[in-house]
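What follows is each chain in one-letter form.
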Amino acid sequence: MGEGTLIDLHTHTTVSSGCSVLEPEALIETAMREGLDAICVTDHFSIEGANVTQELGRAMGFPVFRAVEARTTLGDMLVFGTYRDIPEGISLEDLCWCVHEAGGLVFAAHPFHTGGGPSLTLGFRERGLDLGEDWDQVAVLRELDGIEVVNGQVAADANAQAQTLAHQLGVPGVGGSDAHAVDMVGSAATRFARPVRSEAELVAALRGEAYAAVRLRG
């Protein structure tokens, strides 16, 4: 992979994300063409798509890491380091407790997105709160390990607000394309300062290594 690693940390496949039209083989082939060093499959609720794509990646000689996009009572969360299905509608409190007990990490996905699936800002609205102003009134946010600050399918202003929230919480920010189709792959990613060659190394890097969210196109 050379010096450092460029990983798209947020992608979806047809295997277990009904909203995706991205077949695992096409995802890997596109990632290779886009110059990514690895991808992370984050299908909704289920680890199956990540398992299938990882096996295919081994056959194709391209690194695929597994994760899940969990849907909580406060919006969608990217879960790293826990390789199991996560029930839809789990509370964010329970998710953080279970994932942290297993040694994993929880990053808020597209927290200020309002045009697609659930997000923190919509979860706050349901409670009569404003995420930008009232972030410090919901204690569980302090349990988050990071924020997705660059999402390839989210407007620039929403990504900027996510960056501000990460700064307020004192947590790192990651980037990912949130690809559901071929033309979305690699639109955003996370650049790690050191090589990341395994899922264990990915979790360790997210926990404490130097990395930066990057917008690659769009």
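Data block above holds the structure.
Residues numbered from 1 in each chain as written. Predicted model: local features only at pLDDT ≥ 70, side-chain atom pairs only at ≥ 80, totals over all residues. Heavy atoms only, no water.

(A) Just the overall build of the protein chain, in detail. A count of helices and strands for the protein chain gives 7 helices and 9 strands. In terms of C-alpha radius of gyration, the protein chain reaches 16 Å, essentially the compact-globule figure of 17 Å for 218 residues. Overall, the protein chain is about 50 × 30 × 30 Å in size when its C-alpha atoms are taken along their principal axes. Evaluated residue by residue, the protein chain yields a buried proportion of 56% over its 218 residues. Contacts spanning at least 24 positions in sequence make up 68% of the contacts within the protein chain whose residues lie at least 6 apart. With the model as given, the accessible surface of the protein chain reaches about 9000 Å², and the carbon-plus-sulfur share is 48%. On the protein chain, the mean spot of the 14 positive side-chain charges and the mean spot of the 31 negative ones are 5 Å from each other. (Helix = DSSP H or I, 4+ residues; strand = E, 2+ residues; numbered from the N terminus. Rg over C-alpha atoms; globule rule 2.2 N^0.38 Å. Buried < 20%, exposed > 50% of the residue type's maximum accessible area, 1.4 Å probe, protein only. Contact = heavy atoms within 4.5 Å. Areas by Shrake-Rupley, 256 points an atom, 1.4 Å probe, with all protein chains shown as cover. Lys, Arg positive; Asp, Glu negative; His and termini not counted. Charge placed at Lys NZ, Arg CZ, Asp CG, Glu CD.)

(B) Quick peek at unusual backbone geometry. In this model, Phe-45 sits at a positive phi of 70°, which is unusual for a non-glycine residue. Following the sequence through the fold, Phe-45 ends up in the loop between β2 (38-41) and α2 (48-60). A positive phi angle, near 30°, is found at His-110, a position not held by glycine. Residue placement: His-110 occurs in the loop between β5 (105-108) and α4 (120-126).

(C) Structural view of the sheet that holds β5. Taken in spatial order, the 9 strands of this open sheet run β7-β6-β5-β4-β3-β2-β1-β8-β9, and their pairing is mixed. Across the chains shown, the open sheet's two edge strands, defined by having one partner strand only, are β7 (173-176) and β9 (211-215). Going from strand to strand, the sheet's axes swing by 35° on average, the running direction of each strand aside. Here strand β3 (residues 64-72) runs beside strand β4 (residues 75-80); their pairing, made up of 6 bridges, is antiparallel. If you follow Arg-71 over to β4, its bridge partner there is Asp-76. Packed on one face of the sheet, helix α6 (residues 156-169) meets β6 (146-151) and β9 and runs near 160° to β6. (Pairing = 2+ DSSP bridges. Axes fitted to C-alpha atoms, helices over the stretch in contact; angles between N-to-C directions.)

None of this, on its own, says anything about what the molecule does.
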